[in-house]
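Residue-level structural notes
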Amino acid sequence: MELTREWDLWPEFAVRSSGFPVEGLDVFGPGEEQRLARVARDPAFREAVAWQSRESLTRAVDKLAAGAPGSPSKQRRWTDVVAGYWQRYCAKNDTIGFFGPLAWGSFAADGAPIAVRAGTLERERVVHFETWAMEALAFSSGVHAPLPMGPFPERALRPLLHDTSALDRLERTREDVGNAPREHVAAALDQLDAVFEQVTGRAAAHATGDSGGGRTIAYLDSMRDLDLTLGPAVIDELRSSLPIVLAASRWWCGRVFDRGTELLERIAHGHEGPLAPLLGRLMGAGFGLWDQMGEEQEELRRRWASAVNGDAAAFADWTPAWYASDYHSADLQIAAQSPDAIARGDFLVVLGDFHGGDNPLAQGLFGLRHPDPAGMLRRIAAEAGPGVHLSPPRRGVVEMTARSWPLYPEGDVVVTSGDEPAPPGTHRVALDDVVIDGDGHVRDRQGTFRTPLARFLYLPIFVAALRSFDPIGEHEGRAQLGKLVVRREHWSAPANELPTGAPELAAWARDRGLPRRVFARSPLERKPRYVDFKSASLTRTLARFVAPAREQAPGAPFEFTEMLPGPQDCWLRSDAGRHTCELRVVARAR
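No experiment lies behind these values; they were computed from the predicted model shown. Sequence order sets the numbering: in each chain, residues are counted from 1 along the sequence as written. This being a predicted model, a pLDDT of at least 70 is required before a residue's local features are given, and a value of 80 or more before pairs of side-chain atoms are given or counted; all residues contribute to the totals for chains, interfaces and linings. Only hydrogens and water are set aside when side-chain values are computed; all heavy atoms of the structure are taken into account.

Examining the overall build of the protein
Definition in use: What counts as a helix is a DSSP run of H or I of at least four residues, what counts as a strand is a run of E of at least two, and both are numbered from the N terminus. We compute the radius of gyration over the C-alpha atoms and compare it with the globule rule, which gives 2.2 Å times the number of residues raised to the power 0.38. Using a 1.4 Å probe on the protein chains alone, a residue whose accessible area is under 20% of its type maximum counts as buried, one over 50% counts as exposed, and one in between counts as partly exposed.
Tallying secondary structure elements over the protein gives 18 helices and 23 strands in all. For the protein, whose C-alpha radius of gyration is 25 Å, the value lies close to the compact-globule estimate of 25 Å for 590 residues. Along the first, second and third principal axes, the C-alpha atoms of the protein reach 70 × 70 × 55 Å. Counting across all 590 residues of the protein, residues that qualify as buried make up 55%.

Printed below as a string of structure tokens:
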């Protein structure tokens, strides 16, 4: 779908949302202790916690739900655990289980401004085994080859087994988990663990040395019962405001890639032979680029200001970057009181995370649950052309899972280390067969591919670009282009200037004019946390969040961002109430 003469918009987008209604945040505030105890007794909440941490369910949620006796400090601890899960389920746009179900929507160039049918929260649920758990079963059966990272590793395992009785038993027990009433899910998961331990002879927990994946042997994915089509009212607003962001991102990716190319070629200069011995140094250098782009960031912000003031050529001198860097993805939230308000044009579009030079819908988390996964990969192949990819390590800086594992189109070259399998339909090349030519290129000894070094090792450069893209810099109030809020209002202070106690933090926020509801981000973590300054529990949690930043990064900014959309502007409904939601959209440079 044409966005402008330079940009196309993918017609479909992923919808991420909260699994519990945003009205649940009304629990927080004076007298919240008894309300949180009622939350602890809610069967749906208890099932969600069971999927995430049965330890928390037993040690805190059950205690608060039952009114168990305990010291004031224990009571506060139990309350804070419940509050921590509850705020996430009500305020965070997630993608896991029924407490963060995925859906798909689409854009339409004509027709109604918005068409939405929101049914019950959950249309479909599937219980998956983690890859590491199936590999543990394989190992206990004498099979030592790694299994493909995907949502159904047991399907790859079955033909490798001489005796499938243990796998059959595990699959039957998993089916019992899927069919269990929500009040019995925790017990069913305990039984699944017990069967796993019986058939494998090891603990039912992710251990050092295991393949990538979550802590437990099984996880839940759910699809939301939602049909959503956004028409001209939203598309026209994106046409008028989003292209400046896209142009800035494309320019920035090129600048970071140019710096990355120069850096990697300097390290590899004069080296001819196997790539593997240099790989760690090269990757580390690429990741380190993110905080070395100060001069370029000043230029980015100067050009941004010029573009906002009408300079159409501000980012015209962009340079190409890595493979598939024509894709740029944005997480967009629509702030509106209702679908009717969107139809009237009474809305804002709020820019959240931005993924420059990337199409995150090609992660397993999204792509495998796309309405047409094979068709999506064929589209990427047609748009981006053939690619050469270095498969990420399962155990590295980021622990990979089947949900985060990338998807590759058929025919692409995938370079893997050890005996890591390549996805079906791709050409596998062993990392040990990849050599540096000495002229800034890498190739494999069989002649399958030859490509510039930085295009092959683009992943750390991409991550550096993602982390350092900030076209606005310090800005008071909201930064807005038309109806697009490019940056929410935010406040910051050096971590060591923040008070240490919960009441003092609440007073500090009031004195500086912060709203009641914000998201807090520590310099030590990328993910923000929801805070309600009228909640004793959540301000206690904030104090614990601030403490390590005060010690480890005392001068670094601790940031607070307004909650936008706020609860009153969450237009998506289920049979339970209003929900926060965001749309992960993808644009592509023509």
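Observations concerning the sheet that holds strand β9 (residues 388–390)
The condition that has to hold: For two strands to be treated as a pair, DSSP must find no fewer than two bridges joining them. Axis definition: a line fitted to C-alpha atoms, limited for helices to the stretch in contact. Angles are taken between N-to-C directions and run from 0 to 180 degrees.
Reading across from one edge, β9-β10-β11 is the order of the three strands in this open sheet, with parallel pairing throughout. Edge strands, defined here as strands with exactly one partner in the open sheet, are β9 and β11 (427–430). With direction set aside, neighbouring strand axes in the sheet form an average angle of 25°.

A few points about the side chain of aspartate 569
Put simply, the test is: Positive residues here are Lys and Arg, negative ones are Asp and Glu, while His and the chain termini are left out of the count. Definition used for salt bridges: Asp or Glu carboxyl oxygen within 4 Å of a side-chain nitrogen of Lys or Arg. Whether two residues are in contact is decided by their heavy atoms, any of which lying within 4.5 Å being enough.
Positionally, aspartate 569 belongs in the loop between β20 (557–562) and β21 (572–574). Within the buried set, aspartate 569 has no salt-bridge partner at all; the shortest N-O distance to an opposite charge, 6.5 Å, is to arginine 578. With near-sequence residues (within four places) excluded, aspartate 569 lies in contact with Ile334, Ala335, Ala336 and Gln337.

Re the UniProt feature "domain: Lantibiotic dehydratase N-terminal" (unreviewed entry) in the protein
Basically, it comes down to this: UniProt positions are given in the numbering used here, feature names are shortened, and annotations may be inferred rather than shown by experiment.
As recorded in UniProt, the sites labelled "domain: Lantibiotic dehydratase N-terminal" (unreviewed entry) are residues 41–137. Secondary structure content for residues 41–137 is 53% helix and 23% strand, while the C-alpha to C-alpha distance between its ends is 36 Å.

Remarks on helix α7 (residues 165–179)
Inclusion rule: By this rule the span expected of a helix is its residue count minus one, scaled by 1.5 Å. Working note: the arc is built from the helix axis to C-beta atom directions.
The terminal C-alpha atoms of α7 lie 21 Å apart, and with 15 residues this matches the ideal 21 Å at 1.5 Å per residue to within 8%. Of all the positions in α7, only Ala166, Leu167, Leu170, Thr173, Arg174 and Val177 are classed as buried. Angular distribution of buried residues about the axis of α7 spans 125°; they occupy a single face of the element. For α7, exposure combined with an orientation more than 90 degrees from the buried face picks out Arg172, Glu175 and Asn179. Contact partners of the buried residues in α7: α2 (43–52), β4 (114–129), α5 (131–140), α6 (153–157) and α8 (185–200).

Some thoughts on the pairing of β20
Remark: a regular strand shows side chains that alternate across the two faces of the sheet. On β20, burial follows the alternation: Phe558, Phe560 and Glu562 on one face are buried, whereas Pro557, Glu559 and Thr561 on the facing-out side are not. Across five bridges, the pairing between strand β17 (residues 490–494) and β20 is antiparallel. Its bridge partner lying in β20, histidine 490 is registered against threonine 561. Note that strand β18 (residues 517–521) and β20 share four bridges and pair antiparallel. When the bridges of β20 are listed, valine 518 appears paired with glutamate 562.

With respect to the sheet that holds strand β13 (residues 441–444)
A sheet is described by the order of its strands in space; here four strands give the open sequence β6-β12-β13-β14, paired in antiparallel fashion. Both outer strands of the open sheet, β6 (273–274) and β14 (450–452), are each paired with one neighbouring strand and no more. Taken together, the three bridges between β13 and β14 define a ladder with antiparallel strand orientation. Considered in β14, the bridge of histidine 441 is made with proline 452.

Looking at the packing of aromatic side chains
Quick note on the threshold: Aromatic pairs are defined between Phe, Tyr and Trp rings, using the six-membered ring for Trp, whenever the two ring centres lie within 6.5 Å; interplanar angles under 30 degrees are classed as stacked, those over 60 as edge-to-face, and all others as tilted.
The tally for this structure, following the rule as stated, stands at 23 aromatic pairs. Seen in terms of ring centroids, tyrosine 85 and tyrosine 89 are 6.1 Å apart; in terms of plane orientation they differ by 35°. Their pairing is tilted. Taken as a pair, tyrosine 85 and tyrosine 89 lie in helix α4 (residues 72–91) at a separation of four residues, close to a single helical turn. Classification of tyrosine 85 by relative accessible area gives buried; the value is 17%. Note on tyrosine 89: relative accessible area 1%, which makes it buried.

Notes on unusual backbone geometry
Omega for the peptide link from leucine 564 to proline 565 comes to 0°, which places this bond in the cis form. On the secondary structure map, proline 565 appears in the loop between β20 and β21. Positive phi, close to 65°, is recorded for alanine 324, a residue that is not glycine. Exposure remark for alanine 324: the relative accessible area of 22% places this residue in the partly exposed category.

Some details on a positive patch on the surface
In plain terms, the rule: Grouping into patches uses exposed residues only, defined as over 30% relative accessible area, and leaves out salt-bridged ones; the cut-off is 9 Å for like charges and 5 Å for nonpolar side chains (Val, Leu, Ile, Met, Phe, Trp, Tyr). Surface exposure here means Shrake-Rupley accessible area, sampled with a 1.4 Å probe, where a residue is shielded only by the protein chains that are shown. All charge positions are set by atom: Lys at NZ, Arg at CZ, Asp at CG, Glu at CD.
Taken together, the side chains of Arg467, Arg521, Arg526 and Lys527 define a basic patch exposed on the protein surface. When you line up the elements, arginine 467 lands in helix α16 (residues 458–468).

Comments concerning the environment of proline 503
Looking at the element boundaries, proline 503 is found in helix α17 (residues 502–511). Between the C-alpha atom of proline 503 and that of arginine 540, which follows or precedes it by 37 residues, the distance is 8.2 Å.

Concerning the side chain of glutamate 135
Among the structural elements, glutamate 135 can be located in helix α5. Other than its neighbours up to four places away in sequence, glutamate 135 contacts Pro146, Leu147, Ser211 and Arg394.

A few points about the pattern of salt bridges
Two side chains that carry opposite charge are able to pair once their charged atoms sit near each other. Enumeration according to the criterion identifies 45 salt bridges in this entry. With a closest N to O distance of 2.8 Å, arginine 88 and aspartate 94 form a salt bridge. Here aspartate 94 falls in the buried class, since its relative accessible area comes to 9%. Where salt bridges share partners, they join Glu154, Arg158, Asp168, Glu171 and Arg174 into one cluster.

Description of the packing of α4 against helix α18 (residues 536–552)
Spelled out, the test is: Our angle categories are set so that under 35 degrees counts as roughly parallel, over 145 as roughly antiparallel, 65 to 115 as roughly perpendicular, and the remainder as oblique.
Interhelical geometry of α4 versus α18 gives an angle of 90° and a closest axis separation of 9 Å. Relative to α18, the element α4 lies roughly perpendicular. Counted together, Arg76, Thr79, Asp80, Ala83 and Gln87 of α4 and Ser537, Leu538, Arg540, Thr541 and Arg544 of α18 form the full contact between these two elements.

Side note on the environment of serine 141
Along the chain, serine 141 falls in the loop between α5 and α6. Linking serine 141 and methionine 283, residues 142 residues apart in sequence, is a C-alpha distance of 36 Å.

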